[in-house]
Amino acid sequence: MPQLSAQSLAKALPNCPDPQAWSDALNPALQKYDISTMDRLCAFLAQTGYESSAFSRLTENLNYSTALRLTKVWPKRFPTEAMAAPYVANPQKLANFVYANRVGNGDVASSDGFRYRGRGIIQVTGRSNYQAASKELGVDLVANPDLLAQPANAAMSAAWFWASHGLNALADDRTPDDDLEDFAEITRRINGGTVGLKDRLALFNQIKAALAGQG
């Protein structure tokens, strides 16, 4: 796989805010974690591009404007709008509640939920995942979680997550397996479900067309 140029990245993700900076950050990560074929690259860019709005949003947005939306996003946490209402337009309170006692976080009072909310281009979330990423990258993300929102760390952590969760193999185009199901499984391993699957797949097809003939 050749280097991902700024021009290619801009073509693949037109809304990327700084293609040169991101291509510089991505190339070492792609090489280290063997995201080395066009199928792997397109799937990686589609998933991370969706998660981060084309690398323009590197910290999870938890500022919801309606209780109804909260009941849709976290139906188990908020079975009614009345229960969701206190968390509207209050990102810190929301994060501390929905992420309490999960993924290595402490309770609500610990503030771990907000401190270790999703960051990076694959939205690493939770103290335990920050600890694992810290060990892999050699950067203390637990003490300095905002470092995960820097392009180099965001790219490397995403590529590490991708490889460590077996996503290169799923991205490989193997006929006659079900490629759509492979892509859905990639989404599940990243998202925990299939949120945005249609949009992720559309982005994948957009990127593959944009990069056709370049790898």
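Cut-offs applied
Residues numbered from 1 in each chain as written. Predicted model: local features only at pLDDT ≥ 70, side-chain atom pairs only at ≥ 80, totals over all residues. Heavy atoms only, no water. Helix = DSSP H or I, 4+ residues; strand = E, 2+ residues; numbered from the N terminus. Expected span 1.5 Å × (residues − 1). Buried < 20%, exposed > 50% of the residue type's maximum accessible area, 1.4 Å probe, protein only. Axes fitted to C-alpha atoms, helices over the stretch in contact; angles between N-to-C directions. Parallel < 35°, antiparallel > 145°, perpendicular 65-115°, else oblique. Left-handed = near helix turned anticlockwise from the far one by under 90°. Contact = heavy atoms within 4.5 Å. Nonpolar A, V, L, I, M, F, W, Y, C, P; charged D, E, K, R; others polar. Salt bridge = Lys/Arg side-chain N within 4 Å of Asp/Glu carboxyl O. Arc of directions from axis to C-beta.

Caption draft 1: Seen up close, helix α9 (residues 151–164). For α9, which comprises 14 residues, the first-to-last C-alpha distance of 20 Å matches the rise-based estimate of 20 Å (1.5 Å per residue) to within 8%. Along α9, ten of the 14 residues are buried, which leaves the element largely enclosed by surrounding structure. For α9, the full list of buried residues reads N153, A154, A155, M156, S157, A158, A159, W160, F161 and W162.

Caption draft 2: Representation of the packing of helix α3 (residues 38–51) against α9. For the pair α3 and α9, the least separation of the axes is 12 Å and the interaxial angle reads 120°. Here α9 runs oblique to α3, going by the angle between their axes. Note that α3 runs across α9; the crossing there is right-handed. Contacts between α3 and α9 involve R40, A43, F44, Q47 and T48 from the former and A158, A159 and W162 from the latter. The class makeup of the residues in the contact of α3 with α9 is five nonpolar, two polar and one charged.

Caption draft 3: A look at the packing of helix α8 (residues 127–137) against α9. Where α8 meets α9, the axes come as close as 10 Å, and the angle between the chain directions of the two elements is 105°. Comparing their axes, α9 and α8 come out roughly perpendicular. Together, N129, A132, A133, E136 and L137 of α8 and N153, M156, S157 and W160 of α9 make up the contact between the two elements. For the contact of α8 with α9, the residue count by class is five nonpolar, three polar and one charged.

Caption draft 4: Examining the pattern of salt bridges more closely. Using the criterion set out here, one finds ten salt bridges in the structure. R40 serves as the salt-bridge partner of D34, at 3.1 Å between the closest nitrogen and oxygen. When the shortest N-O distance is used, the salt bridge between E181 and R188 registers 2.3 Å. When its relative accessible area of 38% is taken as the criterion, E181 is described as partly exposed. What emerges from the salt-bridge pattern is a single network uniting E181, E185, R188 and R189.

Caption draft 5: Region of interest: helix α12 (residues 197–210). Taking 1.5 Å of rise per residue, the 14 residues of α12 would be expected to cover 20 Å, and the 20 Å separating its terminal C-alpha atoms lies within 8% of that figure. Inspection of α12 places R200, L203, F204, I207 and A210 among the buried residues, and these make up the whole buried set. Looking straight down α12, one finds its buried side chains confined to an arc of 130°; they lie on one side. Of the residues in α12, the exposed ones pointing more than 90 degrees away from the buried face are K198 and A209.

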